[in-house]
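Commentary on secondary and tertiary structure
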Amino acid sequence: MSTPHSADVLAALRDFVARLDGLDPAAPLVGELVVRLGDGTERLPLRLPVARALTEALRGYHDPRDRGSCAHCATGRLDDDFVCRDCGIVNGLFGRTVAAFVAAAPEDPEPAQPRGIAPAGRPDGTLGD
Ligand SMILES: [Zn+2]
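Residues numbered from 1 in each chain as written. Predicted model: local features only at pLDDT ≥ 70, side-chain atom pairs only at ≥ 80, totals over all residues.

1. Quick look at the overall build of the protein chain
Which entries qualify depends on this criterion: Labels follow the DSSP assignment, with helices taken as runs of H or I lasting at least four residues and strands as runs of E lasting at least two, numbered in each case from the N terminus. With C-beta atoms placed from the backbone, a contact is any residue pair whose C-beta atoms sit within 7 Å.
Each helix and strand in the protein chain was counted, giving three helices and two strands. Its helices and strands in sequence order give the protein chain the pattern α-β-β-α-α, from N to C terminus. Across the protein chain, every contact between residues at least 6 apart in sequence was considered, and the portion connecting residues at least 24 apart equals 31%.

Have a look at this one:
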């Protein structure tokens, strides 16, 4: 069954091969590229420049969803917020700073007290307006 993307993929491959083969029609033939998608099959000659270009393109591709690996544990992948999916640490300098604050924080901190001058500390009991 054909998908909406099948025809696009096959056409893109066919155009890519034709474009590069047009630059060097006598380049050595190294194989055949056969791609089957849905109901369509594309059989294309695979010449050396196309093989090299495909290898370079595939190895060089960076998916925009890939945020990289964690600098802390080195194995975890980062989510969209740059938080490691394995160790949960925020990556980078900001993450190290947050981790240092968390590590330095007391386990059971007392409730935060309001800051400022207590009413008894003001001689006239006003806010000084
Ligand atoms: Zn990690």
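2. Notes on the pairing of strand β2 (residues 40-47)
Looking along a regular strand, one sees side chains alternate from face to face of the sheet. The line we're drawing: Between any two strands, pairing holds if DSSP finds at least two bridges.
Relative to β2, strand β1 (residues 29-37) is paired through eight bridges, and the arrangement is antiparallel. Following the sheet pairing, Glu32 is matched in β2 by Pro45. Between the antiparallel neighbours β1 and β2 lie two residues, among them Gly38 with a positive phi of about 55°.

3. Comments concerning the environment of Ser69
Note on placement: Ser69 falls in the loop between α2 (48-60) and α3 (92-104). Spatially, the C-alpha atom of Ser69 lies 9.8 Å from that of Val83, the residues being 14 residues apart in sequence. Apart from residues lying up to four places away in sequence, Ser69 is in contact with Ala74, Gly76 and Arg77.

4. Details of α3
Using the following cut-off: Multiplying 1.5 Å by the helix residue count minus one yields the expected span of that helix. Here the C-beta atoms are placed from the backbone, and a residue counts as buried if at least 20 other C-beta atoms lie within 10 Å of its own, exposed if 12 or fewer do, and partly exposed otherwise.
When the terminal C-alpha atoms of α3 are compared, their 18 Å separation across 13 residues agrees well with the 18 Å that a helix rising 1.5 Å per residue should span. Sparse coverage of α3 is indicated by the burial of zero of its 13 residues.

5. A word on unusual backbone geometry
Here the phi dihedral of Ala74 falls at roughly 70°; this positive angle occurs in a residue that is not glycine. In this structure, Ala74 sits in the loop between α2 and α3. A tally of 10 C-beta atoms within 10 Å means that Ala74 is categorised as exposed. The phi torsion at Phe82 lies on the positive side, around 60°, for a residue other than glycine. Turning to its location among the elements, Phe82 is positioned in the loop between α2 and α3. For Phe82, a count of 15 C-beta atoms within 10 Å puts it in the partly exposed group.

6. Observations regarding the environment of Arg67
Relative to the helices and strands, Arg67 resides in the loop between α2 and α3. In this structure the C-alpha to C-alpha distance between Arg67 and Asp81, which are 14 residues apart in sequence, comes to 8.8 Å. Those residues in contact with Arg67 that sit more than four places away from it in its chain are Leu78, Asp79, Asp80 and Phe82.

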